[in-house]
Amino acid sequence: MSGPSPTPVHEPARQRVLRAARQALRVLAVELGTPTEPGTPLFGSVQNPWLRRLPYLVAFGFAVSLLPTTITILGHDYGLNGGLAGALATAQTAPLLLAVTRPLQAWWVIFTADILCAMALTGADGVAGRAWPWPPMVIVGYLALMVALSLRERSRTLIAVWLTTGVAGILFEPRTPDGSVGTWVLLFVLTGVVLMMGATLRERGDAQRKLIEQETISEAERARRTLLEERTRIARELHDVVAHHMSVITVQADSAPYRLSGLPREAEEEFGSIAATARESLAEMRRLLGVLRSEETERHGGPEKAPQPGIGMLPKLVEGTVRAGVPVELSLPEDRVPLEPAVDLSAYRIVQEALANVVRHAPGARTRVSVTTAADGSRLTVLVVNSPPPAPSAPLETTGTGHGLIGMRERVRLVDGSLDTGPLPDGGFRVAAQLPLSAPPAPAASLSPKDSGSV
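The structure contained in this document is the topic of the report that follows. (Residues numbered from 1 in each chain as written. Predicted model: local features only at pLDDT ≥ 70, side-chain atom pairs only at ≥ 80, totals over all residues. Heavy atoms only, no water.)

**Let's talk about helix 2 (residues 49-77)**
No. 1: Here helix 2 spans 42 Å end to end across 29 residues, near enough to the 42 Å set by a 1.5 Å rise per residue.
No. 2: Within helix 2, the axis deviates most sharply at Pro55, by approximately 30 degrees.
No. 3: Among the residues of helix 2, those classed as buried are Pro55, Ala59, Ala63, Leu66, Thr70 and Leu74.
No. 4: With a side-chain oxygen positioned 3.0 Å from the backbone nitrogen of Trp50, the residue opening helix 2 is Asn48.
No. 5: Phi for Gly79, located one or two positions after helix 2, is positive at around 80 degrees. (Helix = DSSP H or I, 4+ residues; strand = E, 2+ residues; numbered from the N terminus. Expected span 1.5 Å × (residues − 1). Bend = angle between axes of the 7 residues up to and from the residue. Buried < 20%, exposed > 50% of the residue type's maximum accessible area, 1.4 Å probe, protein only. Polar contact = N/O pair within 3.5 Å; in protein donor to acceptor, adjacent residues only side chain to side chain.)

**Here we look at empty space enclosed by the protein**
No. 1: Taken as a whole, this structure holds 1 cavity of 30 Å³ or more when the rule is applied.
No. 2: Its volume calculated, the largest cavity comes out at about 50 Å³.
No. 3: Secondary structure elements with two or more residues in the lining of the largest cavity: helix 3 (82-93), helix 4 (103-122) and helix 5 (136-152).
No. 4: Of all the elements, helix 5 adds the most residues to the lining of the largest cavity, at 4 residues.
No. 5: Among the residues making up the lining of the largest cavity, the classes are represented as 5 nonpolar, 3 polar and 1 charged. (1 Å grid on protein atoms, 1.4 Å probe; cavity = no way out; pocket = protein on both sides within 12 Å on 5 of 7 lines; lining within 4 Å. Points joined across faces, edges and corners; volume = space filled by probe spheres on them. Nonpolar A, V, L, I, M, F, W, Y, C, P; charged D, E, K, R; others polar.)

**Thoughts on the pairing of strand 5 (residues 379-386)**
The two faces of a sheet get side chains in turn, since along a regular strand they alternate between them.
No. 1: Counting buried residues along strand 5, 7 of its 8 residues qualify, which places the element largely inside the surrounding structure.
No. 2: With 7 bridges connecting them, strand 4 (residues 367-373) and strand 5 associate as antiparallel partners. Bridge pairing in strand 5 links Arg368 to Val385.
No. 3: Between strand 4 and strand 5, which pair antiparallel and follow one another directly, the connecting turn spans 5 residues, one of which, Gly377, has a positive phi of 70 degrees.
No. 4: Bridging between strand 5 and strand 7 (residues 429-436) involves 8 bridges; their strand directions are antiparallel. Bridge pairing in strand 7 places Val385 opposite Arg430. (Pairing = 2+ DSSP bridges.)

**Side note on the packing of aromatic side chains**
Working definition: an aromatic ring pair is given by the centre-to-centre distance plus the angle between the planes.
No. 1: A complete count under the given rule lists 6 aromatic pairs for this structure.
No. 2: Taking 6.5 Å as the distance between ring centres and 45 degrees as the angle between the ring planes, the aromatic pair formed by Phe111 and Tyr142 counts as tilted. In this pair, Phe111 is assigned in helix 4 and Tyr142 in helix 5, connecting sequence segments 31 residues apart. There is no split in this pair, since Phe111 and Tyr142 are both buried.
No. 3: With a centroid separation of 6.1 Å and 90 degrees between ring planes, the pair formed by Trp134 and Phe172 is classed as edge-to-face. With Trp134 in the loop between strand 1 (131-132) and helix 5 and Phe172 in helix 6 (residues 155-172), the pair connects residues that are 38 residues apart, well separated along the chain.
No. 4: Judged by its relative accessible area of 2%, Trp134 is buried.
No. 5: Here a set of aromatic residues connected by ring pairs shows up, and it is made of Trp107, Trp108, Phe111 and Tyr142.
No. 6: Between the NZ or CZ atom of Arg53 and the centre of the ring of Trp50, over which it lies, the distance is 5.3 Å. (Phe/Tyr/Trp six-rings, centres within 6.5 Å; stacked < 30°, edge-to-face > 60°. Lys NZ or Arg CZ within 6 Å of the ring centre and 35° of its normal.)

**Considerations on helix 6**
No. 1: In this model helix 6 runs 26 Å from its N-terminal to its C-terminal C-alpha over 18 residues, within 8% of the 26 Å that 1.5 Å per residue would give.
No. 2: Among the residues of helix 6, those classed as buried are Thr157, Leu158, Ala160, Val161, Thr164, Thr165, Gly166, Ala168, Gly169 and Phe172.

**Quick notes on a nonpolar patch on the surface**
No. 1: Among the surface-exposed residues, Phe43, Leu51, Leu54, Val58, Phe62 and Val140 lie close enough to one another that they form a single nonpolar patch of about 430 Å² accessible area.
No. 2: No other element matches helix 2, which puts 4 residues into the nonpolar patch.
No. 3: Within the element layout of this structure, Val58 appears in helix 2. (Patch = residues over 30% accessible without salt bridge, like charges linked within 9 Å, V, L, I, M, F, W, Y side chains within 5 Å. Areas by Shrake-Rupley, 256 points an atom, 1.4 Å probe, with all protein chains shown as cover. Salt bridge = Lys/Arg side-chain N within 4 Å of Asp/Glu carboxyl O.)

**A few points about unusual backbone geometry**
No. 1: Cis geometry marks the peptide bond from Trp132 to Pro133, where omega comes out at 5 degrees.
No. 2: Position of Pro133 among the secondary structure elements: in the loop between strand 1 and helix 5.
No. 3: Within the chain, Glu37 stands out as a residue other than glycine whose phi angle is a positive 50 degrees.
No. 4: Of note, Glu37 is situated in the loop between helix 1 (13-32) and helix 2.
No. 5: Phi at Asp416 is positive, roughly 65 degrees, even though this residue is not glycine.

Pasting the structure below:
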């Protein structure tokens with residue numbers, strides 16, 4: 001059986017107050033002793049060099065103007081000894097230069113000097129009828145220091161500085177000399193106002209800077225997402241081209257033993273291995289395509305089953321654009337040019353996207369589409385040039401998604417070609433693509449003599 005529980009000992013109210021006071025002083029000491037970014041100049045991150053120098057010029061102006069004024073007023077008006085007045089004035093004004101990079105450390109020096117100045121003025125002969133404990137020049141310098149503090153330090157530190165300023169004034173109140181004008185309330189109120197306004201401006205600047213950074217990150221992510229979407233779309237389109245070749249390889253390899261009589265056993269096994277590898281590659285491509293295909297595409301009827309277009313379908317594309325209100329002239333090679341499927345598809349898509357941009361951004365503009373081949377038969381040139389839109393017309397879209405030019409560049413890069421786009425002096429726009437008629441060279445592979453032999 002357990003014994004009686006101990007009677008709780010109630011802590012006296014005085015001890016609770018003392019403990020709370022000690023804890024508050026500990027927090028106050030931590031806040032006043034932990035500066036934020038010491039050594040970093042105010043406005044140090046500003047791009048404008050003149051604006052970066054502004055805090056130094058302001059601090060220098062205050063220090064130069066307040067130092068002789070403070071010495072004169074303390075010595076002549078308040079009757080302090082000349083040496084003491086000079087020392088106090090220097091300690092109260094010179095640290096303003098330090099406030100540009102270390103405002104909290106400057107506050108410690110200036111606040112200590114202000115306390116010593118108030119104590120020295122207590123027994124001065126000229127204090128009667130004058131401001132005490134904070135003379136006017138002390139108030140001006142202290143408020144200038146508060147501006148630097150509010151632009152750098154966190155809110156808890158600013159509150160600690162403000163409360164310390166008020167407590168110092170309250171402690172001096174019982175020792176107010178006869179006939180003096182009390183200024184501690186004035187300094188306490190003005191300090192709070194300046195600190196609050198400076199902190200508000202700093203927080204607003206931080207919010208704007210974070211917003212700009214977020215917009216920059218969002219723009220980069222948007223560009224990256226657009227690029228990935230275009231690459232995915234191109235990969236889906238090229239799947240049909242590559243799948244066709246792989247299917248032909250599979251059929252030829254499977255039918256080789258039946259079409260070619262007298263093949264050795266080793267050759268038949270080699271053809272069977274080629275067919276198996278081709279079928280495995282097709283299966284891998286279909287799995288990859290399933291990953292690339294978006295859920296929206298699957299929702300709207302699954303994969304595209306129509307054959308991929310080429311330059312042979314450009315007349316139909318131009319006809320649809322003309323019906324949309326854009327006068328287009330089309331020029332194609334007279335002779336049928338055999339093109340690689342990827343080059344043929346890229347040429348069609350470049351013209352398609354260029355005409356779509358004309359419809360969206362320059363409706364009614366006269367447009368010329370030209371597809372030509374080089375004299376040596378090495379490359380295909382795709383040129384789309386539009387004039388400025390008619391004066392009464394307005395663009396259907398003022399901002400774009402960024403897919404158009406990115407898609408063109410990716411398609412040109414895919415076939416190892418080049419792309420040149422940009423506005424014309426008369427206000428039109430030009431898209432010029434150079435596409436090789438032959439496939440881009442494949443990476444060199446080291447083959448042994450056995451692998452390089454014919455089957």
